[in-house]
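Coordinate analysis (summary)
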Amino acid sequence: GDMELFARAVNAMPEHSRPKIIGVTGTNGKSTTTSLIGHVLKKAGKDVRVGGNIGIGVLDMAPLHANAVYVLELSSYQLDLCESLKCDVAVLLNVTPDHLERHGGMQGYINAKTRIFDNQSEKDLAVIGMDTMPTQILMAKMAAKRHQRCVGVSSTYALGRGVSAVHGRLFDSQSGRAMMIGDLSKIQTLPGAHNHQNAAAAYAACRGVGVDATVIMEAMATFPGLAHRQEVVGKVGGVTFVNDSKATNGQAAVQALKSYPKVYWIGGGVAKSDGLADVRPFYGHITKAYLIGEAQKQFSRELGNDVPHMNCGTLKRAVAEAMHDAANSGDEDPIVLLSPACASFDQFKDFEARGDEFKELVHGLMS
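Figured I'd write up the structure that's included with this text. Keep in mind that what you see is a predicted model, and the values were worked out from it rather than measured. (Residues numbered from 1 in each chain as written. Predicted model: local features only at pLDDT ≥ 70, side-chain atom pairs only at ≥ 80, totals over all residues. Heavy atoms only, no water.)

A few words on the nonpolar core. Ranked by internal contacts, the top residues of the largest apolar core, which has 40 residues, are Ile22, Ile37, Leu41, Val127 and Met220. Ranked by size, the runner-up nonpolar core spans 27 residues in total, among them Val10, Leu72, Cys87 and Ala90. (Core = buried A, V, L, I, M, F, W, Y, C linked by side-chain atoms within 4.5 Å. Buried < 20%, exposed > 50% of the residue type's maximum accessible area, 1.4 Å probe, protein only.)

This is how it looks when you write it as structure tokens:
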């Protein structure tokens, strides 16, 4: 595919004039981490192109030249098809069961993800998330082989060597002693532990192409966040509206629910085969649910008597009902969260269209 053509074009360039390539993969967090790295490098004055799975296709990017840095979001599909890609910095965030049928089970999926490291040499850097079991095992194997430099990143563990976000505070202990870099919990556009791991990975990648630690931290503080990913739309009469339309499965919706202790939750659409299985442990975070689309009957059954809920059918009605209940709740700082845990194509062209309608409805309430 395109990625293979791009990789070959880069490899054909003389070494001294080759652009740098940072590749990012993982089950969750790819888009945020890719965008965050791109944002930091731009702020650091680098000539950056961000693409791959998000934004523009890799062959439509501006022409290659020596000082450019390409930051590419890579899906397991793309990695399966691309043999020649050599990443100066390769980031693997996490591996959780997803798209398994296409890769012949979990091991096939892990193998596809780990291809991001295949063509690296000892000058190159592998950044590996330590918060899922398959990636921990991989880190141990790769560090022992020493084909490339490896650095672990975590928002769960304080790593002896690596980059850790401990209760939101970012530490760099790559040299063997821990240096406090800054406080991620102050950055509103990167809420929750999963985003702190994304930030730790972005930090390690940017250090890997020579950006200064203080420059990285200052740039992260100005990250605008990703559209449709825990995007704060605004406040209406004390009620905060959060657009997380990009949460097209239960696992993704959990990341948002974890970030807020109590929400008025809007969910539904075209359900994945496991429905709300991933969400169930976080039912306690849902004050009330407003269900839309094809999945509303199924979700209503799954929520049962555990979570107060209503079938709203349309997003428009869900937003109105949630606003009414949240505004009259007496809660301090109530939050209405659209994090559907479903695909959107029963009612919308794609998750962006769903998120855009949500934002329009909220802006309608503001005026």
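A separate point is the state of the cysteines. Working definition: the covalent bond between the sulfur atoms of two cysteines is a disulfide. Summed over the entire model, instances satisfying the criterion amount to 0 disulfides. In this structure Cys87 is a free cysteine whose sulfur lies 8.5 Å from that of Cys82, the closest cysteine sulfur available. Counting only cysteine sulfurs, Cys312 is the nearest neighbor of Cys342, a cysteine outside any disulfide, at a range of 14 Å. For Cys342, a relative accessible area of 0% puts it in the buried group. (Disulfide = S-S within 2.5 Å.)

This paragraph deals with the environment of Arg177. Topologically, Arg177 is positioned in the loop between strand S8 (169–172) and strand S9 (179–183). Along the chain, Arg177 and Leu365 lie 188 residues apart, while their C-alpha atoms are 51 Å from each other. (Helix = DSSP H or I, 4+ residues; strand = E, 2+ residues; numbered from the N terminus.)

What follows deals with the sheet that holds strand S7 (residues 163–166). On the basis of which strands lie adjacent, the open sheet formed by 9 strands has the order S2-S3-S1-S4-S5-S6-S7-S8-S9 and mixed pairing. Each end of this open sheet is capped by a strand with a single partner; those strands are strand S2 (47–52) and S9. Between one strand axis and the next, the sheet turns by 15° as a mean value, whatever way the strands run. (Pairing = 2+ DSSP bridges. Axes fitted to C-alpha atoms, helices over the stretch in contact; angles between N-to-C directions.)

This part takes up the pattern of salt bridges. Enumeration according to the criterion identifies 13 salt bridges in this entry. A salt bridge links Arg8 to Glu4; its shortest N-O distance comes to 2.8 Å. In this pair, Arg8 and Glu4 are both assigned in helix H1 (residues 2–11), 4 residues apart and thus about one turn of the helix distant. With relative accessibility at 8%, the residue Glu4 sits in the buried group. Between Arg280 and Asp306 there is a salt bridge, and its shortest N-O distance comes to 3.3 Å. Of the two residues, Arg280 sits in the loop between strand S13 (270–271) and strand S14 (286–292) while Asp306 sits in the loop between helix H9 (296–303) and strand S15 (309–313), which places them 26 residues apart along the sequence. (Salt bridge = Lys/Arg side-chain N within 4 Å of Asp/Glu carboxyl O.)

Where burial is concerned, most of helix H8 (residues 250–259) is hidden: 7 out of the 10 residues are buried. Turning to H8, its buried residues number three or more, namely Gly250, Ala252, Ala253, Val254, Gln255, Ala256 and Leu257. Its side-chain oxygen placed 3.3 Å from the backbone nitrogen of Gln251, Asn249 serves as the N-cap of H8. (Polar contact = N/O pair within 3.5 Å; in protein donor to acceptor, adjacent residues only side chain to side chain.)

Taken together, the 4 bridges between S14 and S15 define a ladder with parallel strand orientation. Bridge assignment links Ile292 to a residue of S15, and that residue is Gly313. Crossover handedness for the path S14 to H9 to S15: right-handed. (Right-handed = clockwise from strand over helix to strand, strands pointing away.)

Once that is clear, we can look at unusual backbone geometry. Notably, His167 is not glycine yet its phi reads approximately 50°, a positive angle. One can find His167 in the loop between S7 and S8. Judged by its relative accessible area of 79%, His167 falls in the exposed class. We note that His228 has phi near 70°; this positive angle belongs to a residue other than glycine. One can find His228 in the loop between helix H7 (213–220) and strand S10 (231–236).

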